[in-house]
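The residues making up each chain are set out below.
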Amino acid sequence: MSQPQQPTDRPEHGDSIIDIGQTLTRMRFLIGRRIVGRIAIANIAPGLELTDLDVLDVSRRIAQAGGEVTVGAIADAMRIDPSRGSRLVADLVTRGILRRDASQEDGRRSLIAPTELGETLLREIRSVKHGLIEQMTDDWSAEDRQDFARLFARFVDGFEDVYQATDKTGEPAGLPPASDKIIAR
């Protein structure tokens, strides 16, 4: 009979990896509260849901990357069922936050774009986010801010690489095998 496997701290990583992991857990908890989105909604569009902001933000990111913003592209980016994506977009169109435009290449396809209200909401989200970051780093030197921005971008790029390598069920690819995380006793 084998002994149960126990989680272990991998000493070869040192304290910094453990510290980063613990800090990341704290950050996940705080981000999970979605304070930026909640403040933006309260300021501009009371009654919206946080998921509505996700749709708006995803549509902005798709457009910035040069992609066609369609319901399917939004659903894929959010990793949701196309019918749920369609319902979310339809609701935002009804609320005047998004609009549907006919594709010039295929008149049967609808392209999604923010309305003036949608653009205002995106600006408010950025304003709230930038204000909070400025407040949190107010006593940092310009060099510390630049270093953090560069390193944090590298860190998040790594997460995005893992995310892009996951399948639609959310199963990650390219992570170390489970045996690297637990040991047998």
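In case you missed it, the structure is sitting above this.
The rules behind these values
- Residues numbered from 1 in each chain as written.
- Predicted model: local features only at pLDDT ≥ 70, side-chain atom pairs only at ≥ 80, totals over all residues.
- Heavy atoms only, no water.
- Patch = residues over 30% accessible without salt bridge, like charges linked within 9 Å, V, L, I, M, F, W, Y side chains within 5 Å.
- Areas by Shrake-Rupley, 256 points an atom, 1.4 Å probe, with all protein chains shown as cover.
- Salt bridge = Lys/Arg side-chain N within 4 Å of Asp/Glu carboxyl O.
- Helix = DSSP H or I, 4+ residues; strand = E, 2+ residues; numbered from the N terminus.
- Buried < 20%, exposed > 50% of the residue type's maximum accessible area, 1.4 Å probe, protein only.
- Axes fitted to C-alpha atoms, helices over the stretch in contact; angles between N-to-C directions.
- Parallel < 35°, antiparallel > 145°, perpendicular 65-115°, else oblique.
- Left-handed = near helix turned anticlockwise from the far one by under 90°.
- Contact = heavy atoms within 4.5 Å.
- Nonpolar A, V, L, I, M, F, W, Y, C, P; charged D, E, K, R; others polar.
- Phe/Tyr/Trp six-rings, centres within 6.5 Å; stacked < 30°, edge-to-face > 60°.

S.K.: So what about a nonpolar patch on the surface? Which residues, and what values?
M.R.: A cluster of nonpolar side chains, Ile17, Ile20, Leu24, Met27, Ile31, Trp140, Phe148, Phe152, Phe155, Val156 and Phe159, forms an exposed patch at the surface whose accessible area comes to about 900 Å². Looking at the nonpolar patch, the elements with two or more residues in it are helix H1 (14–32) and helix H7 (142–164). Turning to its location among the elements, valine 156 is positioned in helix H7.

S.K.: Lay out the pattern of salt bridges with the relevant residues and their values.
M.R.: All told, the structure shown has seven salt bridges when counted by the stated rule. Between arginine 34 and aspartate 54 there is a salt bridge, with the nearest N and O atoms lying 2.5 Å from each other. Of this pair, arginine 34 sits in the loop between H1 and helix H2 (35–44) while aspartate 54 sits in helix H3 (residues 50–64); the two residues are 20 residues apart in sequence, bridging distant segments of the chain. The shortest N-O distance in the salt bridge between aspartate 147 and arginine 150 comes to 3.8 Å. Here aspartate 147 and its partner arginine 150 are both found in helix H7, three residues apart, which amounts to about one turn of the helix. Among the residues examined, aspartate 147 registers a relative accessible area of 30% and is labelled partly exposed. With a relative accessible area of 44%, arginine 150 lands in the partly exposed category. When salt bridges that share partners are traced, they join Asp57, Arg60 and Arg61 into one network.

S.K.: Summarise the packing of H2 against helix H6 (residues 116–136); cite the residues concerned and give the values.
M.R.: The interhelical angle for the contact between H2 and H6, taken along N-to-C directions, is 130 degrees, at an axis separation of 9 Å. The orientation of H2 with respect to H6, classified from their angle, is oblique. Here H2 and H6 pass one another in a crossing that is right-handed. Seen from H2, the contacting residues are Ile35, Val36, Ile39, Ala40, Asn43 and Ile44; seen from H6, they are Leu117, Thr120, Leu121, Glu124, Ile125, Val128, Lys129 and Leu132. Across the contact of H2 with H6, the residue classes break down as 10 nonpolar, two polar and two charged.

S.K.: Residues and numbers for unusual backbone geometry, please.
M.R.: One non-glycine residue, arginine 79, lies in positive phi territory at about 55 degrees. Here arginine 79 shows up in the loop between helix H4 (71–78) and helix H5 (82–94).

S.K.: Any chance you could break down the packing of aromatic side chains for me, citing the residues and the numbers?
M.R.: In the structure shown here, the tally under the stated rule is three aromatic pairs. With a centroid separation of 5.4 Å and an interplanar angle of 90 degrees, the aromatic rings of tryptophan 140 and phenylalanine 148 are classed as edge-to-face. In this structure phenylalanine 148 comes out as partly exposed when scored by relative accessible area, which is 41%. Among the aromatic side chains, those forming a connected cluster through ring pairs are Trp140, Phe148 and Phe152.

The values are spatial; any link to function lies outside them.
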